[in-house]
Amino acid sequence: MAGGAFVDSSGARDFEGKVTAYVLITCFVAAMGGLLFGYDLGITGGVTSMEPFLIKFFPGVYRQMKDESGSTNQYCKFDNQLLTLFTSSLYLAALIASFFAATITRKFGRKPSMFIGGFFFLVGALLNGFAVNIEMLIIGRILLGFGVGFCNQSVPVYLSEMAPSKIRGALNIGFQLMITIGNLIANLINYGTSKHKNGWRISLGVAVVPAILLCVGSLCLDETPNSMIERGNHEKAKAMLQKIRGSSNVDEEYQDLIDASEEAKNVEHPLKNIMQHKYRPHITFCTLIPAFQQLTGINVIMFYAPVLFKILGFGNDASLMSAVITGGVNVVATLVSIFTVDKFGRRILLLEGGIQMLICQIIIGIIIAIKFGVSGQGSFSAGQADLLLFFICAYVAAFAWSWGPLGWLVPSEICSLEVRPAGQAINVAVNMLFTFAIAQAFLTMLCHMKFGLFFFFAAFVVIMTLFIGFFLPETKNIPIEEISRVWKLHWFWTKIVPNDNDLGNYNHMSNQKSIP
């Protein structure tokens, strides 16, 4: 033991300190930002399948859905660009907001960014709940998008910086757990309100509850030590570090934060700086991981589960209940990730999840092809519907313990402090860009590609699983301020990262092990 830290057999340092109740509580409150995101993910699919909502705002889609003449292909009954814009406009707004959020998060702290996100979400939810025309709906969705952009920028960074390295993965996945819980709550509310004429107003309006919780909660949170040091509050930062670690012996970890902050101060333009050659691995993962996360096709299920189940011949109640079931699987499987990510690591979960998703997508595509073919005519028996639902749930579970939470965790922890806000901004922006594109295009793609759409996403799952296998270094149990060391220990990235980004304090170690 030296100066409050020890080095384990892999060369990673673990600083002295315990997992305090204070850290757990603050991370729980911060993760409420995920509740907002998850609620929105789940609510729109159910609302857009409700007949009163369609009659009021999208009568053309309602007539198309009710067409029993056989002139409308089953795959195409919900194909309407304005309807998909209701869902996708949020994510385009989130993309734009994420860059403003990056500046606010860096200059003013993580707390203000979370509060702003909650406030935007509150106003957007009120507009949607009281909407009388399509303009109010879209404006409300745009404001919700601003909220998502700010929360998705600040919350993962806050969680990564507050958590001790040995449970950083589990606490960061608290954000994804809240997303899944929000999604499940939304599906339950949709199921309960679907029988009421104005049930869609209740479904959209209830979003004010998690928005208020985040606004109030963010006011009660303390800033992270990293953020305090960034803004010159060194004494407060050290006191906060002692508080969250439950130990007065934090000198070495505190000094590492100071050193990282001093390096970060030399960076005048973080977004421009991250384009430098030495940050090539950072920008690679902050770009490709969020893109791949969406190209799994998961939001086909998350956004449009009730609509998709209706298209596949499920009744209205059955489609909403099936969405509840997949939402419950999502929550349980995310808990699996929380309890395993810091024990087994990031790589194994991503690789296993990719293989399981691939198998399920191929089987789902085959089942739909056999029953519907190209014509889109046909229906499932009760047993066949249960089989299809089983493989959809298995697919959701694989995503929920791998690419779902780790798609947010890995980009938030692999960037050093000087490019962390910029890296997270890129992560959120790319995620929102691909989310917008898939949300906007899915119903049209389903209409034209039919069952082949599932094979389309399966091909990307193959590519991204191979990418992780070859290029992602393991980051479990490595202190976040020392995360840059993983690149020099990786077979490929060591050829890219220059010597000035070398192992820092670890140069004196002679027997370091290579990270796969």
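Residues numbered from 1 in each chain as written. Predicted model: local features only at pLDDT ≥ 70, side-chain atom pairs only at ≥ 80, totals over all residues. Heavy atoms only, no water.

Chemist: Got a minute to help me understand the overall build of the protein in this structure?
Modeler: Each helix and strand counted, the protein has 23 helices and two strands in total. In the protein, buried positions account for 63% of the 516 residues. As displayed, the protein offers around 18,400 Å² of accessible surface, 67% of which is attributable to carbon and sulfur atoms. (Helix = DSSP H or I, 4+ residues; strand = E, 2+ residues; numbered from the N terminus. Buried < 20%, exposed > 50% of the residue type's maximum accessible area, 1.4 Å probe, protein only. Areas by Shrake-Rupley, 256 points an atom, 1.4 Å probe, with all protein chains shown as cover.)

Chemist: Explain a nonpolar patch on the surface to me, please; I cannot follow it from the model alone.
Modeler: Together, Ile362, Ile366, Ile370 and Phe455 make up a nonpolar patch on the protein surface, roughly 350 Å² of accessible area in all. The element that contributes the greatest number of residues to the nonpolar patch is helix 18 (residues 346-372), accounting for three residues. Among the secondary structure elements, phenylalanine 455 is positioned in helix 22 (residues 452-471). You can call phenylalanine 455 partly exposed: its relative accessible area is 31%. (Patch = residues over 30% accessible without salt bridge, like charges linked within 9 Å, V, L, I, M, F, W, Y side chains within 5 Å. Salt bridge = Lys/Arg side-chain N within 4 Å of Asp/Glu carboxyl O.)

Chemist: Looking at this model, I keep getting lost on the state of the cysteines. Mind explaining?
Modeler: Defined simply, a disulfide is a covalent bond joining two cysteines at their sulfur atoms. For the structure shown, the criterion picks out one disulfide. Across the disulfide from cysteine 76 sits cysteine 447; the S-S distance is 2.0 Å. Torsion about the S-S bond of the cysteine 76 and cysteine 447 cystine: about 90 degrees, corresponding to right-handed handedness. Of the two residues, cysteine 76 is situated in the loop between helix 4 (59-66) and helix 5 (81-108) and cysteine 447 in helix 21 (residues 420-449); the sequence distance between them amounts to 371 residues. Overall, cysteine 447 belongs to the buried group, its relative accessible area being 11%. Among the cysteines around cysteine 215, which has no disulfide bond, cysteine 151 carries the closest sulfur, lying 8.4 Å off. The cysteine cysteine 415 is free of any disulfide, with cysteine 286 supplying the nearest cysteine sulfur at 3.5 Å. (Disulfide = S-S within 2.5 Å.)

Chemist: Would you take a moment to explain the environment of isoleucine 348 for this structure?
Modeler: Relative to the elements of secondary structure, isoleucine 348 occurs in helix 18. Classification of isoleucine 348 by relative accessible area gives partly exposed; the value is 47%. Expressed as a C-alpha distance, the spacing of isoleucine 348 and isoleucine 468, which sit 120 residues apart in the sequence, is 9.4 Å.

Chemist: What exactly am I supposed to notice about the nonpolar core here?
Modeler: Within soluble globular proteins, side chains that are nonpolar tend to cluster in buried spots. With 148 residues, the main nonpolar core has Phe53, Phe58, Trp403 and Met432 as its most contacted residues. Here the element with the most residues in this core is helix 21; it accounts for twelve residues. What phenylalanine 53 contacts, discounting residues up to four positions off in sequence, is Val47, Thr48, Phe58, Phe86, Leu137 and Trp200. (Core = buried A, V, L, I, M, F, W, Y, C linked by side-chain atoms within 4.5 Å. Contact = heavy atoms within 4.5 Å.)

Chemist: What am I meant to see in the packing of helix 15 (residues 280-295) against helix 20 (residues 403-414) here?
Modeler: How two helices sit against one another is set out by the angle between their axes and by the gap between those axes. Put simply, helix 15 and helix 20 touch, their axes get as near as 9 Å, and they point 165 degrees apart. Judged by the angle between their axes, helix 15 and helix 20 are roughly antiparallel. Two packed elements cross with a definite hand, and for helix 15 against helix 20 that hand is left-handed. Contacts between helix 15 and helix 20 involve His282, Phe285, Cys286, Ile289, Phe292 and Gln293 from the former and Trp403, Gly404, Leu406, Gly407, Trp408, Val410, Pro411 and Ile414 from the latter. Among the residues making up the contact of helix 15 with helix 20, the classes are represented as ten nonpolar, four polar and no charged. (Axes fitted to C-alpha atoms, helices over the stretch in contact; angles between N-to-C directions. Parallel < 35°, antiparallel > 145°, perpendicular 65-115°, else oblique. Left-handed = near helix turned anticlockwise from the far one by under 90°. Nonpolar A, V, L, I, M, F, W, Y, C, P; charged D, E, K, R; others polar.)

Chemist: Mind showing me how you'd approach the packing of helix 1 (residues 21-30) against helix 7 (residues 134-162) here?
Modeler: Two numbers describe how helix 1 lies on helix 7: the axes approach to 10 Å, and their chain directions differ by 175 degrees. In terms of axis orientation, helix 1 runs roughly antiparallel to helix 7. The residues of helix 7 that touch helix 1, namely those facing Tyr22, Val23, Thr26, Cys27 and Ala30, are Val155, Tyr158, Leu159 and Met162. For the contact of helix 1 with helix 7, the class distribution of residues is eight nonpolar, one polar and no charged.

Chemist: How do you make sense of the pattern of salt bridges when you look at a structure like this?
Modeler: Side-chain pairs of opposite charge can arise whenever the charged atoms involved come near each other. For the structure on display, the rule yields eight salt bridges. One salt bridge in this structure joins aspartate 251 and lysine 238, with 3.1 Å as the shortest N-O distance. Remark: lysine 238 occurs in helix 12 (residues 234-245) and aspartate 251 occurs in helix 13 (residues 251-265); sequence separation between them is 13 residues. The exposure class of aspartate 251 is partly exposed, given its relative accessible area of 42%.

Chemist: Which parts of the structure should I look at to understand helix 18?
Modeler: Side chains that are three or four residues apart share a direction in an α-helix, a result of its 3.6 residues per turn. The terminal C-alpha atoms of helix 18, which comprises 27 residues, lie 38 Å apart, in line with the 39 Å expected from a rise of 1.5 Å per residue. Just downstream of helix 18 lies glycine 373, where phi reads positive at about 60 degrees. (Expected span 1.5 Å × (residues − 1).)

Chemist: Help me out: how do you make sense of unusual backbone geometry in this one?
Modeler: In the Ramachandran plot, lysine 450 falls in the positive-phi region, its phi being about 55 degrees despite a non-glycine side chain. A relative accessible area of 14% means that lysine 450 is categorised as buried. Phi at asparagine 477 takes a positive value of approximately 65 degrees, unusual for a residue other than glycine. Residue placement: asparagine 477 occurs in the loop between helix 22 and helix 23 (485-488).

Chemist: Mind showing me how you'd approach the packing of aromatic side chains here?
Modeler: The description of two aromatic rings rests on the distance between their centres and on the angle between their planes. Here the structure, examined in full by the defined rule, presents 26 aromatic pairs. Aromatic pair phenylalanine 467 and phenylalanine 471: ring centres 5.7 Å apart, planes at 40 degrees, arrangement tilted. Residue phenylalanine 467 and its partner phenylalanine 471 are located together in helix 22, separated by four residues, close to a single helical turn. Phenylalanine 467 gets classed as buried once you look at its relative accessible area, which sits at 10%. Through a chain of ring-to-ring contacts, three or more aromatic side chains come together here, namely Phe285, Phe292, Trp403, Phe467, Phe470, Phe471, Trp487, Trp491, Phe492 and Trp493. Over the ring of phenylalanine 57 we find lysine 56; its NZ or CZ atom is 5.7 Å from the centre of that ring. Taking the ring centre of phenylalanine 86 as reference, the NZ or CZ of arginine 141 above it sits at 5.0 Å. (Phe/Tyr/Trp six-rings, centres within 6.5 Å; stacked < 30°, edge-to-face > 60°. Lys NZ or Arg CZ within 6 Å of the ring centre and 35° of its normal.)

Chemist: Help me understand the confidence of the model for the protein, please; the structure alone is not making it clear to me.
Modeler: Detailed reading of the predicted coordinates is not advisable wherever pLDDT is low. Of all residues in the protein, 89% attain a pLDDT of 70 or more, and the chain-wide mean is 83. For the protein, strand 1 (residues 5-7) is the element with the lowest average pLDDT, namely 45, and helix 22 is the one with the highest, namely 95. Overall, residues 1-12 carries pLDDT values under 50, and its contacts beyond four positions in sequence, including any with other chains, amount to 29 contacts. Counted against residues more than four places away or in other chains, residues 501-516, with its pLDDT under 50, gives 38 contacts. (pLDDT = per-residue confidence, 0-100.)

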